[in-house]
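Examination of the molecular architecture
Single-letter residue listing:
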Amino acid sequence: MTTFVWDYLPEYHAEREDILEAVDTVFQSGQLVLGESVSRFERAFADHHGLAHCVGVDNGTNALVLGLEALGVRPGDEVITVSNTAAPTVLAIHAAGAVPVFVDVREEDFLMRTDQLAAAVTERTTAVVPVHLYGQCVDMEPVLALARERGLKVLEDCAQAHGARHHGRLAGTMGDAAAFSFYPTKVLGAYGDGGAVLTDDDATAAALRRLRYYGMEERYYVVSTPGHNSRLDEVQAEILRRKLRRLGAYIEGRRAVARRYAEGLAGTGLVLPTNAVGNDHVHYVYVVRHPQRDTVIERLRAYGIELNISYPWPVHTMTGFAHLGYREGDLPVTERLAKEIFSLPMYPSLPQHVQEKVIEALREVLAGL
Ligand SMILES: *Cc1c(COP(=O)(O)O)cnc(C)c1O
């Protein structure tokens, strides 16, 4: 049997009754779109973060698009983010009609280099999207200070950071708004697509509710700005509300897996993930570094282990973003990391014997290089 970096089936087998009950609850409710389950999940997710509003949407990419639009980002604006992220971060900025501008990341933890932000701001810049990558938070104090000074909005990309904390503050509670994905692999994952935007601001929340519902405030009436159809599905919302109660346990499970890797892989020459100061990591993915990355991945295949790379191509080097005018060499750390990183199997229900097999195989492969 092949081992993959992620598998939801062990969790499904453990939680099957609850999940099937969630589906049945919605089907019996008589309300299949924007009903009780969406509003109950929204309330629970907002409360979990101590914020006034959560607006459920159809996926994390659209959570970012609607978040940018609701914060007032307009076509032609510049939005600063990182190239070292999942492409959707950048696709969302593009979809909002704005121009993505990149800063590099820190060598030690792959997170946004906030010291490069000030130089990236122009008179067209209206927002910053810090990406809490792999499960830990960007150093938010300098981001927020610059945003205040230059009048920029901050939209946190929390797609990989449910439950992560930065100096005690939860990811998603530090910016003007925060975008979450509930794609199945995420720390809080649905059984299909889902997303949400958090904000404490009433006007932003009202804008988000219009934007996800064609731009309408009342049925059949487009109020001001034409919007989207980006509603969170009732079934996914009901599943997510139930799973939210177990978020703490999922995170503990991920941390236990991370601890076993740290013990089992010490001294092998692999560069293991580090926690930045003040960060409580939730280990969405477990990313390691090795200069002979491709050989390691290739040799592990012989052991029936299929690893993943998050992400093999920096966004600024993708042909689809050639029009932005970046070249190889512009973001040296981002580019170097992309050649050396790879991800090990990571999910809370990863069976221990499977993880031990991975550690054993990795040790053999690395010793034989
Ligand atoms: C997963 C992810 C997204 C997009 O979420 P979807 O639900 O897949 O649209 C955006 N940003 C980051 C950092 C992600 O990891």
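Residues numbered from 1 in each chain as written. Predicted model: local features only at pLDDT ≥ 70, side-chain atom pairs only at ≥ 80, totals over all residues. Heavy atoms only, no water.

1. Overview of the overall build of the protein chain
- Scanning the protein chain from N- to C-terminus turns up 12 helices and 16 strands.
- Over its C-alpha trace the protein chain gives a radius of gyration of 21 Å, about what one expects of a compact globule, namely 21 Å for 369 residues.
- Projected onto the principal axes, the alpha-carbon positions of the protein chain cover approximately 65 × 55 × 35 Å.
- Residues counted as buried form 56% of the 369 residues belonging to the protein chain.
- Of the contacts made within the protein chain by residues no fewer than 6 positions apart, 70% connect residues no fewer than 24 positions apart.
- Accessible area of the protein chain: about 15700 Å², with a carbon and sulfur share of 51%.
- Side chains of the protein chain give 36 positive and 48 negative charges; the mean places of these two sets differ by 1 Å. (Helix = DSSP H or I, 4+ residues; strand = E, 2+ residues; numbered from the N terminus. Rg over C-alpha atoms; globule rule 2.2 N^0.38 Å. Buried < 20%, exposed > 50% of the residue type's maximum accessible area, 1.4 Å probe, protein only. Contact = heavy atoms within 4.5 Å. Areas by Shrake-Rupley, 256 points an atom, 1.4 Å probe, with all protein chains shown as cover. Lys, Arg positive; Asp, Glu negative; His and termini not counted. Charge placed at Lys NZ, Arg CZ, Asp CG, Glu CD.)

2. What to know about the sheet that holds strand β7 (residues 165-166)
- Overall, antiparallel pairing links the three strands, which are arranged β8-β7-β13 in an open sheet. Looking along the sheet, the strands with just one partner apiece sit at the ends: β8 (169-170) and β13 (279-280).
- Here two bridges tie β7 to β8, and the two strands are oriented antiparallel to one another. By the bridge assignment, H166 is partnered in β8 with R169. (Pairing = 2+ DSSP bridges.)

3. Details of the site of the ligand
- Near the ligand lie 15 residues; those nearest to it are G60, T61, Q160, S181 and K186.
- Measuring from an oxygen atom of the ligand, one finds a side-chain N or O atom of S181 at 2.6 Å.
- In the model, an oxygen atom of the ligand is placed 2.7 Å from a nitrogen or oxygen of the K186 side chain.
- Look at the ligand: alone it shows 380 Å² of surface, and the protein chains cover 91% of it.
- For the shell around the ligand, the secondary-structure elements that each account for two or more residues are α3 (60-70) and α4 (87-95).
- Examining the composition of the shell around the ligand, we find that three residues originate from one element, α3, more than from any other. (Near = heavy atom within 4 Å. Polar contact = N/O pair within 3.5 Å; in protein donor to acceptor, adjacent residues only side chain to side chain.)

4. Regarding a nonpolar patch on the surface
- On the surface, a cluster of nonpolar side chains totalling about 330 Å² of accessible area is made up of F27, L32 and V33.
- One can find L32 in the loop between α1 (9-29) and α2 (36-49). (Patch = residues over 30% accessible without salt bridge, like charges linked within 9 Å, V, L, I, M, F, W, Y side chains within 5 Å. Salt bridge = Lys/Arg side-chain N within 4 Å of Asp/Glu carboxyl O.)

5. Some details on the nonpolar core
- Counting 82 residues, the largest nonpolar core has F45, F182, Y261, F342, L344 and L362 as the members making the most contacts within it.
- With residues near it in sequence (within four places) discarded, Y261 still touches A266, Y286, L344, P345, L350, Q355, V358 and I359. (Core = buried A, V, L, I, M, F, W, Y, C linked by side-chain atoms within 4.5 Å.)

6. Some details on the domain arrangement of the protein chain
- By the assigned domains, the protein chain splits into domain 1 (9-103 + 111-244) and domain 2 (247-367).
- The C-alpha centroid of domain 2 is placed 25 Å from the C-alpha centroid of domain 1.
- Interface area for domain 1 against domain 2, summed over the two sides, is near 2900 Å², with a carbon-plus-sulfur share of 59%.
- Here domain 1 and domain 2 share 19 residue pairs in polar contact (both at pLDDT 80 or more) between them.
- Secondary-structure elements contributing two or more residues to the side of domain 1 that touches domain 2 are α1, α4, β4 (99-103), β7 and α8 (234-244).
- If one sorts the elements of the side of domain 1 that touches domain 2 by residue count, β4 sits on top with five residues.
- Here the side of domain 1 that touches domain 2 is composed, by residue class, of 18 nonpolar, 13 polar and five charged. (Domains from an automatic or database assignment. Buried area = accessible area lost by both parts, 1.4 Å probe. Nonpolar A, V, L, I, M, F, W, Y, C, P; charged D, E, K, R; others polar.)

7. Things to note about the packing of aromatic side chains
- For the coordinates displayed, the defined rule picks out 11 aromatic pairs.
- Plain terms: the ring middles of F41 and F182 are 5.4 Å apart, the flat faces sit at 85 degrees to each other, and that makes the pair edge-to-face. Linking F41 in helix α2 with F182 in the loop between β9 (177-181) and β10 (195-199), this pair joins segments that are 141 residues apart in sequence. Residue F41 shares its accessibility class with F182, and that shared class is buried.
- Considering the side-chain rings of F110 and Y134, the 5.3 Å spacing of their centres and the 70 degrees angle between planes classify their relative orientation as edge-to-face. Residue F110 is found in the loop between β4 and α5 (117-120), and its partner Y134 is found in the loop between β5 (125-128) and α6 (140-150); the two are separated by 24 residues along the sequence. An identical accessibility class is assigned to F110 and Y134; each is buried. (Phe/Tyr/Trp six-rings, centres within 6.5 Å; stacked < 30°, edge-to-face > 60°.)

8. Some details on the environment of V55
- Mapped onto the elements of the fold, V55 is located in strand β2 (residues 53-57).
- Note: C-alpha distance between V55 and V277 (222 residues apart in sequence) is 31 Å.
- Contact partners of V55, with chain neighbours within four places excluded, come to E42, G195, A196, V197, A205, L208, R209 and R212.

9. Looking at the sheet that holds β10
- What the seven strands build is an open sheet, ordered β2-β10-β9-β6-β5-β3-β4; its pairing is mixed. Edge positions in the sheet fall to β2 and β4, since each of these pairs with one other strand and no more. Strand-to-strand twist in this sheet, taken as the mean axis angle between neighbours without regard to direction, amounts to 25 degrees.
- By the bridge criterion, five bridges tie strand β3 (residues 78-82) to β4 in an arrangement that is parallel. Within β4, the position partnered with E78 by the bridge is V99. (Axes fitted to C-alpha atoms, helices over the stretch in contact; angles between N-to-C directions.)

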